[in-house]
Amino acid sequence: MKRGHRLEDPRSIRKLWRGFLVLLALSVLAGALIDPKPHFAIEGWFGFHALYGFVACLVMIVGAKVLGWCLKKPDTYYARDGHDD
Amino acid sequence: MSLAQHLPALQVVLPLISAPLAVLLRHGGVAFLLVTAGAWAAFAAAVALWLQVDLLPAGGVLTYHIGNWAPPWGIEYRVDRLTSFVLVLVSGTAALVLTYGHASIEREIARASHYLYYAMFALCLAGLLGITITGDAFNVFVFLEISSLATYVLIALGRDRRALTASYRYLILGTIGATFFVIGVGFLYLLTGTLNIADMGARLRDVENPRAVLAALAFLTVGISLKLALFPLHQWLPNAYTHAPSTVTAFLAATATKVSVYVLIRFYFGVFGESLVFQRLPLPEIMLGLSLLALFAANLIAVFQDNLKRMFAYSSVGQIGYITLGLSFDSVHGLTASIVHLFNHGVAKAAIFLLIGGLVLGIGRPGAPPPVPTFKHLAGLARRMPLTCLGIVLAGLSLIGVPGTGGFISKWYLVLAAMEQRQYWLVGAILLSSLLAVAYVWRFVEAAYFRPVPGDGGVVREAPLVMLIPAWILVAASIWFGLDTSLTVGSALDAAQSLLRSGT
Amino acid sequence: MTSLHGLVPHPALLLIAGALLLPLLRGRARSVAILALPALALAALWLLPDGVLWRVHWLGYPLTPLAVDRLSRLFASIFLLLAGIGGLFALRQESRLEIPAAYLYAGAAVGVTLAADLISVFLFWECMAIGSTLVLWSAGTPAAWTASRRYVGVHLAGGMLLFAGVAGQILGTGDTGFHVMRLDSPASWLILAGFLVNAGAPPLSAWLPDAYPEASWSGMVFLSAFTTKTAVYVLLRGFPGTELLIWIGLFMIFYGIVYALLENDMRRILAYSIVNQVGFMVTGIGIGSEMALNGAAAHAFTHILYKALLLMSAGAVLAATGRRKCSELGGLFHSMPVTTLCGIIGALAISAFPLTSGFVSKSLVSQAAADAQLQGVWLLLAAASAGVFLHAGIKFPWFVFFQKDSGLRPADPPASLRWAMLLLAFLCIALGIWPDPLYALLPYPVAYVPYTAAHVVTQLQLLLFSGLAFFVMLDHLRRTPTITLDFDWLWRVAGPALAGVARARVRAARARLARGLTGLGRRAGAWILRNRAPDGLLLRSWSSGSMSLWVMLVLMAYLALYYLG
């Protein structure tokens, strides 16, 4: 229980967030130190992967939301109508 | 002359003489021993004939002249590859069914009629073997009548009163069929002046009167189609199979319709010739249409049956569709499919009906008349009759055509034949129709394995070993012939090639 | 070696035979057999030399049910390895049917990989369908039962496509051998379609997330490993470099991500992620260069391991709590530390984090796309990598083990389950650190170095920022008790509804007909109703009179057709 408390404590969550952000910054900065040997021009841009990963995920989440709007049904959908034979 | 030379005659005579003996002795137990021994002896003779034919060069024929009268005046017995193949199927099934039948008969037929049952069974067997082996068209008719009359009695022996009406219906239809058959043979006799089938075929080529030939063909086709229950001439079959005693159903399902197919093949290829039947007339198209109807309509009807025996009876009508479909292709692969399916389906269906016989025995109360095996009785039965249910499922897989079972082999050749003629839609139809078979086998699985045992289920026992062993021999055979095909496909291919050679 | 291999049994048949004998064993003997069977089969596999080892004749065709090369050895090895670890995990499973069924299933999958002719492939293929259905059944719940019916339907349809294709191919080419095919005949298209059904390709992907999650807590581990990966294997052997597969694969990747993002059931999330991961492999096969094919094979290998690990941790949670929905789980890390750790390792591996097995295999595929100058494909694969982290890498462990506390405090599972998970976790990390043994097994020589500074840094950027996106958007990802409609709606709702409408129409038409007849003549109508209605069209028996009438009609028809035709 103790360990649980520590992880669920808002203060440690804030610390975790801070550590995470530092990690993010470090990973972007490390991009400056390496030679990417790009296959495509776009790959050579500074921080491309970071930005691309973030944006791609946003797009996918939004896309899923839109699809969910049309296709989401309560999880009793098939069972309720007795279609399940 | 040694015994081996008289094998063709013994093949028919052995079961034939066991019938009057059974009647004379009038004792169920003795009759059982006699007739069963006769059937096993016939099986031994069939196997021996098989080996003899095997020694002949490809396409060779073994002939036997009854009473040493040379054909075409005397009656000739002819045994070639196809003949001996069918003989083995018929006599083998009979031997197994008779061995199995004792316990089932006790329950399903009144004791006083037991000797009659065995006598009729022997007559029916002798008739079917005679139809197969004889080379004389009128002799075919005689044996057809012998086996049919015996069959009517056998069906009527069922304890269910509806067996009587079923038998009566079959009698009417069977008689019409036999009449048509004999009319057809009569036409041919008028045209050729001979009754010997081989001779008829040779002389028919010189006949100038196509109208009479066509009439003969039509009468023969319809007459035999009735006996083989080709859709829509099948209506006698479901009732007959449903209400007959279980052993009778098993025997008829495996042999009677199959022998009729054999007769059809003999007349089409041996007498009329492939070029007349398949190339000049729209017969292949008609047969194709009727076969497809059988595949879909009969199988679909089977899915909706509540009585297990009736369900598999309709399935038989559907499966006959595969056999006639193979014929309609008029190719080596198609004919091979027909002959192989005739055998594989016979084995699987006999196994299923024998197991259903055990099931009827298991769910019935001692002393009471045998119950009708409906789906209500099946609920949770797999837990109480595991071997019976597993056997039905395994043989059912062969009906579906699952790889590794005999049914797959027949489907494979059917699909090859359809693809050869670039009829891809037919491939789809064949495969779709097997989905219907899945549906009815699935219904059985669902009921037997997944429904809970009803509270008032009563006492249910597994069938006795004497019934299980013959049934399981057939189940094992339906799997075996899916794996080792040297016997079935080997002889079917051989027979198909020589039939198509002789037909042109 | 050549003198020895005659004595070595066929690994697949060994496992299948063992599966059939397993139900006879009890207690300790059973446990030993469960662990020893896959090990023996694996040993048999590795004692066999390369080349065609068995030749038999069946139906007049030459069959080669046992032939070994690098590709088949790789797939057979991973299948057997997973069968063994899965057997360990399922040791305490109460259903006595499940492990024998799973070994039958695994044996059939191994059989497909070792078969060098189309007929043997098809036979083992169908055997696999039977085995997997039995695994599904052994869960014993009504939901598993109804799902298995749909599952069987789809696989029978796929099997029929394959059957027709194989028959056509053999007839067309006269060759039973299973090797690279070109899409130049209906038969090869049918074969491809049959393969793709099992791969979970659109439009039939829905069978996978529909059926797999209904298996027991241990059953899904087996199901995840064999069917789809066998499909990957046959595509690798039969259709490498087929461009269509790139697009099918990409569709599968994004289908998996989007549906998994919307899903609430943890095991369905993982099921969608199977489709997603197989999409990577299918794309690699479509690219078709040596590196891409290596990548597809390697990814299949590593994916089997980490997906099994993920499903074991999910299975342990299911076994302990009886719950599958994310909205009812959470905070389990308190009392299930080992399961949590193993789940996280699996999640990192599926996301291709550096030092995990996913990193060394997935990068082969994207590198191959880059080498082939397929910029669009490469970009989509990069986005997909981020998406995998999103839907499986974070979402699964977060919602199951962390997020808000559900108050559940189940204990870690018993030893046999723990050891199976730890073994897989070890393999996931070990292959990530030291990929050379895996690379040595791949079908083509590998000249690729996964751990370059550039690759590690760019991958970390991609993954960390998708993690950021997850937590930023967390409010929009909150789980709701919903499902998302898929193509299976067509056969679960639309099909039955249409059938109902059709049935009603037919009934109405018949009623009208009967009314019309009554109008025509009361007596005739009453006669028809009396004789026909009680039994209905399908059940009635015909009177002898009408049967005879039919006979006459048929005879007339024959005569007419003969004389006119």
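No experiment lies behind these values; they were computed from the predicted model shown.

Helix and strand counts for chain B come out as 21 helices and two strands. By the compact-globule yardstick of 23 Å for 504 residues, chain B fits well, its C-alpha radius of gyration being 22 Å. C-alpha atoms of chain B, sized along the principal axes, occupy 75 × 55 × 40 Å. Long-range contacts, defined here as pairs at least 24 residues apart, represent 80% of the contacts in chain B between residues at least 6 apart. As displayed, chain B has an accessible area near 16400 Å², and 67% of this comes from carbon and sulfur atoms. If the 29 positive side-chain charges of chain B are averaged to one point and the 21 negative ones to another, these points end up 11 Å apart.

Another aspect to go through is the overall build of chain A. Helix and strand counts for chain A stand at four helices and one strand. When the helices and strands of chain A are placed in sequence order, the string is α-α-α-β-α. A total of about 5900 Å² of accessible surface is found on chain A, and carbon and sulfur atoms cover 68% of it.

Mapped onto the secondary structure, Pro481(C) falls in the loop between helix H19 (453-472) and strand S3 (482-484). A relative accessible area of 47% places Pro481(C) in the partly exposed class. Remark: the alpha-carbon pair of Pro481(C) and Glu263(C), spanning 218 residues in sequence, is separated by 8.6 Å. Not counting residues within four places of it along the chain, the set of residues in contact with Pro481(C) comprises Pro74(A), Asp75(A) and Asn264(C).

The predicted structure's coordinates, where accompanied by low pLDDT, should not be read in detail. All names here are of chain A. Considering every residue of chain A, the mean pLDDT works out to 78; 84% of them sit at 70 or more. Summarising per-element confidence for chain A, the mean pLDDT is lowest in helix H1 (residues 2-8) (58) and highest in helix H3 (residues 48-71) (87). Low confidence marks residues 81-85, where pLDDT is under 50. Its contacts with residues over four positions away, or in another chain, come to eight contacts.

Residues Phe181(B), Phe267(B), Phe272(B), Phe312(B), Trp412(B), Phe75(C) and Tyr212(C) are the most contacted members of the largest nonpolar core, which totals 419 residues. Residues contacting Trp412(B), with those up to four places away along its chain left out, are Leu59(C), Tyr61(C), Ile119(C), Phe163(C), Val166(C), Ala167(C) and Ile170(C). Counting residues in each nonpolar core, the second largest holds five residues, with Tyr77(A), Tyr78(A), Ile483(C) and Leu485(C) among its members.

This part takes up the interface of chain A and chain C. Tallying the contact residues gives 48 residues for chain A and 54 residues for chain C. Where chain A abuts chain C, roughly 4900 Å² becomes buried across the two surfaces, and 72% of that area is made up of carbon and sulfur atoms. Of all residues in chain A, Phe40(A), Met60(A) and Tyr78(A) give up the largest surface area on contact with chain C, accounting jointly for 14% of the area buried on that side. Residue assignment for the side of chain A that touches chain C shows that the elements contributing at least two residues are H1, helix H2 (10-33), H3, strand S1 (72-74) and helix H4 (77-80) of chain A. With 16 residues, H3(A) is the single largest residue contributor to the side of chain A that touches chain C. In terms of residue class, the side of chain A that touches chain C is built from 28 nonpolar, ten polar and ten charged. Pairing between S1(A) and S3(C): three bridges, direction antiparallel.

Here we take up the packing of helix H19 (residues 424-450) of chain B against helix H7 (residues 142-173) of chain C. Following both chains from N to C, one finds H19(B) and H7(C) inclined at 155 degrees, their axes separated by 11 Å at the closest point. Judged by the angle between their axes, H19(B) and H7(C) are roughly antiparallel. Of the two possible hands of crossing, H19(B) and H7(C) adopt the one that is right-handed. Touching Val427(B), Leu431(B), Leu432(B), Ser434(B), Leu435(B), Val438(B), Trp442(B), Glu446(B) and Phe450(B) of H19(B) are Trp145(C), Arg149(C), Val152(C), Leu156(C), Met160(C), Phe163(C) and Ala164(C), all from H7(C). Residues of the contact of H19(B) with H7(C), tallied by class, amount to 13 nonpolar, one polar and two charged.

Residue and element names in this part refer to chain B. Under the 1.5 Å per step criterion, the end-to-end length of helix H18 (residues 406-420) is 22 Å for 15 residues, consistent within 8% with the ideal 21 Å. Of all 15 residues in H18, 14 are buried, a share of seventy percent or more. Once H18 ends, the next one or two residues include Arg 422, with phi positive near 60 degrees.

This paragraph deals with the packing of aromatic side chains. For the structure on display, the rule yields 51 aromatic pairs over all chains. For the pair Tyr241(B) and Phe353(B), a centre-to-centre distance of 6.0 Å together with 85 degrees between the ring planes defines the contact as edge-to-face. Of this pair, Tyr241(B) sits in helix H9 (residues 236-243) while Phe353(B) is found in helix H14 (residues 332-363), placing the two residues 112 residues apart along the sequence. Between the aromatic rings of Phe396(C) and Phe401(C), the centroid separation amounts to 6.1 Å while the plane-to-plane angle is 85 degrees, which identifies the pairing as edge-to-face. For Phe401(C), a relative accessible area of 0% puts it in the buried group. An aromatic cluster is defined as three or more aromatic residues linked by ring pairs; in this entry it consists of Trp17(A), Phe20(A), Phe333(C), Trp398(C), Phe399(C), Phe402(C), Phe470(C) and Phe471(C). Between Arg443(B) and the ring centre of Phe375(B), over which it is positioned, the NZ or CZ distance is 4.0 Å.

In this section: a nonpolar patch on the surface. A cluster of nonpolar side chains, Val22(A), Leu23(A), Leu26(A), Leu29(A) and Phe46(A), forms an exposed patch at the surface whose accessible area comes to about 510 Å². Examined against the element boundaries, Leu29(A) turns out to sit in helix H2.

To continue, consider the pairing of strand S1 (residues 62-65) of chain B. All names here are of chain B. Alternating residues of S1 divide into Leu 62 and Tyr 64, all buried, and Thr 63 and His 65, none buried. Of the pairings in the sheet, the one linking S1 to strand S2 (residues 76-79) comprises four bridges and is antiparallel in character. Bridge pairing links Thr 63 to Arg 78 in S2.

Scanning all chains against the criterion turns up 17 salt bridges over all chains. Residue Arg111(B) pairs with Glu106(B) through a salt bridge whose shortest N-O separation is 2.7 Å. With a relative accessible area of 33%, Glu106(B) lands in the partly exposed category. In this structure, Glu263(C) and Arg268(C) form a salt bridge, with 3.3 Å as the shortest nitrogen-oxygen distance. One connected set of salt bridges, linked through shared partners, spans Arg150(C), Asp210(C), Asp488(C) and Arg492(C).

Residues and elements named next belong to chain B. Along its sequence, chain B is carved into domain 1 (1-281) and domain 2 (282-497). A C-alpha centroid distance of 22 Å is found between domain 1 and domain 2. Taken residue by residue, the interface counts 48 residues in domain 1 and 57 residues in domain 2. Taking both sides of the interface into account, the surface hidden between domain 1 and domain 2 amounts to around 4600 Å²; carbon and sulfur atoms contribute 77%. At the boundary of domain 1 and domain 2, one finds one salt bridge.

With that out of the way, let us pick up helix H6 (residues 162-192) of chain B. Between its terminal C-alpha atoms H6(B) stretches 44 Å, which fits the 45 Å expected from 31 residues at 1.5 Å a residue. Of the residues one or two after H6(B), Gly193(B) is the one with positive phi, at around 75 degrees.

Moving on to the interface of chain C and chain B. Contacts between the two partners involve 40 residues from chain C and, on the opposite side, 57 residues from chain B. Where chain C abuts chain B, roughly 4500 Å² becomes buried across the two surfaces, and 80% of that area is made up of carbon and sulfur atoms. Applying the counting rule to chain C against chain B returns one salt bridge. Applying the counting criterion to the chain C and chain B interface returns two residue pairs in polar contact (both at pLDDT 80 or more). Among the secondary structure elements, those contributing two or more residues to the side of chain C that touches chain B are helix H6 (118-137), H7, helix H22 (536-539) and helix H23 (544-564) of chain C. The leading source of residues in the side of chain C that touches chain B is H23(C), at 13 residues. Partitioning the side of chain C that touches chain B into residue classes produces 32 nonpolar, five polar and three charged.

Next up on the list: unusual backbone geometry. All names here are of chain B. Look at the link from Phe 231 to Pro 232: it is a cis peptide, with omega at 0 degrees. Following the sequence through the fold, Pro 232 ends up in the loop between helix H8 (210-227) and H9. A positive phi angle, near 55 degrees, is found at Arg 26, a position not held by glycine. Looking at where Arg 26 falls in the secondary structure, it is placed in the loop between helix H1 (7-25) and helix H2 (28-55). Note on Arg 26: relative accessible area 56%, which makes it exposed.

Rules of the game
- Residues numbered from 1 in each chain as written.
- Chains lettered and ligands numbered in written order.
- Predicted model: local features only at pLDDT ≥ 70, side-chain atom pairs only at ≥ 80, totals over all residues.
- Heavy atoms only, no water.
- Helix = DSSP H or I, 4+ residues; strand = E, 2+ residues; numbered from the N terminus.
- Rg over C-alpha atoms; globule rule 2.2 N^0.38 Å.
- Contact = heavy atoms within 4.5 Å.
- Areas by Shrake-Rupley, 256 points an atom, 1.4 Å probe, with all protein chains shown as cover.
- Lys, Arg positive; Asp, Glu negative; His and termini not counted.
- Charge placed at Lys NZ, Arg CZ, Asp CG, Glu CD.
- Buried < 20%, exposed > 50% of the residue type's maximum accessible area, 1.4 Å probe, protein only.
- pLDDT = per-residue confidence, 0-100.
- Core = buried A, V, L, I, M, F, W, Y, C linked by side-chain atoms within 4.5 Å.
- Buried area = accessible area lost by both parts, 1.4 Å probe.
- Nonpolar A, V, L, I, M, F, W, Y, C, P; charged D, E, K, R; others polar.
- Pairing = 2+ DSSP bridges.
- Axes fitted to C-alpha atoms, helices over the stretch in contact; angles between N-to-C directions.
- Parallel < 35°, antiparallel > 145°, perpendicular 65-115°, else oblique.
- Left-handed = near helix turned anticlockwise from the far one by under 90°.
- Expected span 1.5 Å × (residues − 1).
- Phe/Tyr/Trp six-rings, centres within 6.5 Å; stacked < 30°, edge-to-face > 60°.
- Lys NZ or Arg CZ within 6 Å of the ring centre and 35° of its normal.
- Patch = residues over 30% accessible without salt bridge, like charges linked within 9 Å, V, L, I, M, F, W, Y side chains within 5 Å.
- Salt bridge = Lys/Arg side-chain N within 4 Å of Asp/Glu carboxyl O.
- Domains from an automatic or database assignment.
- Polar contact = N/O pair within 3.5 Å; in protein donor to acceptor, adjacent residues only side chain to side chain.

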